[in-house]
Structures are given as C-alpha cells and as structure tokens.
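# Residue-level structure breakdown
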Amino acid sequence: MIIYFRPNLTAMRIYGIIIFWISWIVSSWGQHALTLNEAIKNAVENNYQIRIASNELAIDAANNTKGNAGMLPEVALNFGQTFNINNSRLELSSGEVRQGSGANSRNLSANIQAAWTVFDGMRMFVTRDRLGEIENLGKINLQMQIENTVAQVMELYYGLEYQQERLKTIKEAIEISKERLQLAKLKQDAGSGSGIPIIQAQVDINADSSMLINQELLYKNMKINLNSLMAKNLDFDFAIFETESLPIPNLDEVLNLASQRNKMLQLANKSLAISGLTIKQWEANKYPTIDVNAGYNFSQANAEIGVFKFNQNAGVSFGLTGRWNIFNGWNNKREIQVAKLNLESGKLAKEETELNVKANIHTVHNTFVNANKMVGQEDKNILAAKQNLIITSEKMRVGSINSLELRQAQLNLIEAQFRKLTAIYEGKLANLELIRLSGGLFSN
C-alpha cells in the first residue's frame, strides 16, 4: 500500500517566512542601524554641495562691508628715496661756474594722503544695499541646497525601504515556489505525478532567484548613493528602519505656505530686488562725485653741486575734488535701459516660477491622492489574491489543476503586493515633494 503524505501548505509557508525573517535579522546584526534622522543629520553636516554653498555664503558676507561699498575713506602712505651720481656743470648769472665729476645728490620724499568720497549720487548707499541683498541671496541658496539634500536623503531612504520590501516579497515568492517543488516531488514519489511539474517549479524558482539578484543589486546601489550624499565611505553598510507616514497635506495650506516659504520664489524676489538696485546704481552716475582730500607731505634734497645744497619741505594739504561725467556717448543711458529690461524679465520669470510652483503642487497632490486610492485598492486585490492562492494550492494538492495555474495565482499575488508597495512609495515621495514645495523641509 502506498502512503501519500499531504503537507500543510499554510504551515509550510509560515515556516518559510519565519526562516526568512530569522536569516534577515541575523544578517543585520553586523550592520549599523541608520535612522532617517541620522541620515539627514550626516548629510547636512558632511554633504559637499552644502559645504560649498556655505563657503559661497561666507564670501558674500565678507564682501558685504562699508569699505567695499565705497563708504569709507582711503588712506595711502607713499615714500621713496633716490640717489644720483652726476657729472655737473652749472653757470650762474654772476658768471660763476660750478662743476664737478661724480657729484652725489639724494632726494627723500614721503607723504600720507587721505581721500573720502562724501557724495556720489547716493551710489555708495545703493551699493551697500545691493551687497546685503547678495548676501541674503547666498543664504537662500544655502537653505535651498540643504532643502534639496534633505529631500534627496529622504527619497533614497524611502527607496531603500521600498526595495527592501520588494526583496521580502520576492523571497516569500521563492518559498512558495519551493513548496510547489516539494509537493510535486512528493506526488511523483507517490506515483500520482510526473516530472513536468517538478521542472516547472524549478524553472519558476530560478526565475524568482534571478529577480532576487537584480533586486539586491538595486538595493546595494541605492545604499551607495545614500552614502555618497552623507559623504561616507561608499562601502559603509547599514540597516534601515521602517519610517512613519508623513502627515496628510492640505492643498490650500500647501499653496499658502508655498507663496511665503518656497525657496525658488524667494530667490526670484531677491533677484528682483538686486535688479532694482542695479538701476539705481547706474542712475547715480548722472550726478557729480565730490571727494574730500587731506595729506601730509615731506621732502628733502641734498646735492654736492647746485644752487641749493640742502632743501627740505614739510606741511599739510587739504581740499575738495569734484568729478562730473557730463557725456560718455550715452553709455550710462544705455546701461539704465538694459537694467530696466532685466528687471522686467525678472518680473516675468517670477510670475512663471509662481505658476510652475502652483502647477507642481496641484499635480503632485493629485499623485498623492491617487497613490492613497491605489493602496486601498491593492489591499483588496492582495486579499483576493491570497484567497485564490490558497484555493489553487489545495486544488494543486488534490490534482484538479496543473502547476501553471498555481504559478499564475502566485504571480497575481506578487504583482498585487508590488503594486501596493509602489503606491506606498509614490505616495511618500509625493508627500515629501509637497512639503519641499511649501518650504517645510527647511524653514527660516
């Protein structure tokens, strides 16, 4: 009598999943546990682009001084001494002749001069304001770089979470295929099955294993990209944690916050301010420039031959200097016209930026809403696919269907799980982008 063993497929599946989780936990023991907040902190502190933007801001701050704006006086110290050896002949009006060969003479001079522009058509004050706006522009550029880096870190972290879940799904699929293989072998051993189901099950295991290899490559490369953003060694290995869901954004609130805090809009506003100050700088050239000058002069001359054997002068000097460019080929008028056109272009660019930001918010919000709908729909599909897999597994066990139908039921479940994971991932990315567009990743 042939005894036919009927394995409990549900128990085998649970056992396989438990083995998978145990192996995954053991493999994670040697890894550093990297939280999302820690990844963000590492990137903000070490990312090269953030450090470069920080240096550029420091340059803008160093340039924002009264001296660079031309508001402070300039003081210069000049000095020099010359020695001469000459062959000289000097005839005086009295008829006296003085001459000599290799006669030495020496001239010493020194002076300190100060010049201070007291009026230049208010150009110096406009320049100081412009330097301040350039520094503010540098601050926004740094904030935007931090914001973009944080968004990239979060996107990669969510991506790792997504790829990790796909890995789990594929490994679970391999366990199910192994159950099919074991069942096919048991049926063949019992004399109620052929070798074809065994071959089909092995082919499916190989296909799932190939998918697993590609999935592990994606996961590994994504870790490398995250290490690059954090400026860590590219081979630094770590384990990630499941992230919490972000708060559900309100469309009107996002639009309102974006109008106040969106970095692209802030950059556009600063660019407009700088363009307006550029016009004022050129308009200042219409007026004269007045400098106050003061100095102290000292000179001394010694000569072996000449009218004066010794001559020394010392004293102060002071006065006013004025300059007024009355005509320069209408170049100043041309520069003012160009600056006004640049300002007009800046206004148009700002309007375009505002429109693009609003359009992005609406489209991303639609993506977020759709992703949430898809998650709910795929939950239903997964439940139905699981029930179908249980039924087809039982039919396969009793021999009423072939292994291809069981494989199709398995693929239906895998695809539904993949679609849900994709919807969750796309929803998180959409939510993240809404927060970034509203300026919530880095607020002043």
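A brief look at the structure comes next. Just so we're clear, the structure is a prediction, and the values are computed from it rather than from any experiment.

## Description of the overall build of the protein
Assigned secondary structure in the protein consists of ten helices and six strands. The 444 residues of the protein split such that 35% are buried. Long-range pairs, those at least 24 residues apart, make up 82% of the contacts in the protein with a sequence separation of at least 6. Put simply, the protein shows about 26100 Å² of open surface, and 56% of that area lies on carbon and sulfur atoms.

## Considerations on the packing of aromatic side chains
Scanning the model with the defined rule gives three aromatic pairs in all. Consider the rings of Tyr162 and Tyr425, whose centres lie 4.7 Å apart with planes at 5°: the pair is stacked. Of this pair, Tyr162 sits in helix H5 (residues 123-189) while Tyr425 sits in helix H10 (residues 403-437); the two residues are 263 residues apart in sequence, bridging distant segments of the chain. Across the pair, exposure class does not vary: Tyr162 and Tyr425 are buried alike. Over the face of the ring belonging to Phe236 we find Lys232, whose NZ or CZ atom lies 5.0 Å from the ring centre.

## Thoughts on unusual backbone geometry
With phi around 60°, Ala231 is a residue other than glycine that occupies positive phi space. Take Ala231: it is sitting in the loop between helix H6 (196-229) and strand E4 (238-240). The phi angle at Trp330 is positive, at roughly 60°, despite the residue not being glycine. With respect to the helices and strands, Trp330 occurs in the loop between strand E6 (310-323) and helix H9 (331-398).

## Looking at the environment of Tyr158
One can find Tyr158 in helix H5. Linking Tyr158 and Tyr425, residues 267 residues apart in sequence, is a C-alpha distance of 6.8 Å. When residues no more than four places from it in sequence are discounted, the contact partners of Tyr158 are Leu36, Thr243, Leu246, Tyr425, Lys428, Leu429 and Leu432.

## A few points about a nonpolar patch on the surface
On the surface, a nonpolar cluster with roughly 850 Å² of combined accessible area is contributed by Trp116, Val118, Phe119, Met122, Phe125, Tyr287, Ile290, Val292 and Leu320. Elements that contribute at least two residues to the nonpolar patch include exactly strand E3 (97-119) and strand E5 (289-303). Counting residues per element, the nonpolar patch draws most heavily on E3, at three residues. Checked against the element boundaries, Val292 lands in strand E5. Accessibility expressed as a relative area gives 36% for Val292, which makes it partly exposed.

## Quick look at the environment of Ser438
With respect to the helices and strands, Ser438 occurs in the segment after H10. The buried category is assigned to Ser438, whose relative accessible area is 5%. The sequence separation of Ser438 and Ile361 amounts to 77 residues, and the corresponding C-alpha distance is 8.6 Å.

## Considering the pattern of salt bridges
Counted according to the given criterion, the structure contains 14 salt bridges. Across the pair Glu45 and Lys41 runs a salt bridge whose closest N-O atoms are separated by 2.8 Å. Placement of the pair is Glu45 and Lys41 together in helix H2 (residues 36-46), with a separation of four residues, close to one helical turn. Given the relative accessible area of 46%, Glu45 is considered partly exposed. The shortest N-O distance in the salt bridge between Glu433 and Arg436 comes to 2.7 Å. Here the residue Glu433 and the residue Arg436 both occupy positions in helix H10, the gap between them amounting to three residues, near one helical turn.

## Some thoughts on the side chain of Lys428
Assignment of secondary structure puts Lys428 in helix H10. Setting aside residues no more than four positions away along its own chain, Lys428 makes contact with Tyr158, Glu161, Thr243 and Leu246.

## Examining the packing of H6 against H10
Closest axis-to-axis distance for the H6/H10 pair is 10 Å, and the angle between their directions is 20°. In this view, H6 runs roughly parallel relative to H10, as classed from their interaxial angle. Note that H6 runs across H10; the crossing there is right-handed. Across from Pro197, Gln200, Asp204, Asp208 and Met211 in H6, the residues of H10 making contact are Ser403, Leu404, Arg407, Gln410 and Phe418. Each residue belonging to the contact of H6 with H10 can be placed in one class, and the counts come to four nonpolar, three polar and three charged.

## Examining the side chain of Asp208
Residue placement: Asp208 occurs in helix H6. Taking relative accessible area as the criterion, Asp208 reaches 2% and is therefore assigned buried.

## Remarks on the packing of H9 against H10
Across the interface, H9 lies against H10 with an axial gap of 7 Å and an inter-helix angle of 160°. Relative to H10, the element H9 is oriented roughly antiparallel. Pair H9 / H10 crosses with left-handed handedness. Residue classes in the contact of H9 with H10 are distributed as 19 nonpolar, 13 polar and seven charged.

## Notes on H9
In a regular helix each residue adds 1.5 Å, so 68 residues correspond to 100 Å; H9 covers 95 Å between its end C-alpha atoms and thus fits that length. Of the residues trailing H9, Gly399 is marked for its positive phi of about 90°.

What counts and what doesn't
- Residues numbered from 1 in each chain as written.
- Predicted model: local features only at pLDDT ≥ 70, side-chain atom pairs only at ≥ 80, totals over all residues.
- Heavy atoms only, no water.
- Helix = DSSP H or I, 4+ residues; strand = E, 2+ residues; numbered from the N terminus.
- Buried < 20%, exposed > 50% of the residue type's maximum accessible area, 1.4 Å probe, protein only.
- Contact = heavy atoms within 4.5 Å.
- Areas by Shrake-Rupley, 256 points an atom, 1.4 Å probe, with all protein chains shown as cover.
- Phe/Tyr/Trp six-rings, centres within 6.5 Å; stacked < 30°, edge-to-face > 60°.
- Lys NZ or Arg CZ within 6 Å of the ring centre and 35° of its normal.
- Patch = residues over 30% accessible without salt bridge, like charges linked within 9 Å, V, L, I, M, F, W, Y side chains within 5 Å.
- Salt bridge = Lys/Arg side-chain N within 4 Å of Asp/Glu carboxyl O.
- Axes fitted to C-alpha atoms, helices over the stretch in contact; angles between N-to-C directions.
- Parallel < 35°, antiparallel > 145°, perpendicular 65-115°, else oblique.
- Left-handed = near helix turned anticlockwise from the far one by under 90°.
- Nonpolar A, V, L, I, M, F, W, Y, C, P; charged D, E, K, R; others polar.
- Expected span 1.5 Å × (residues − 1).

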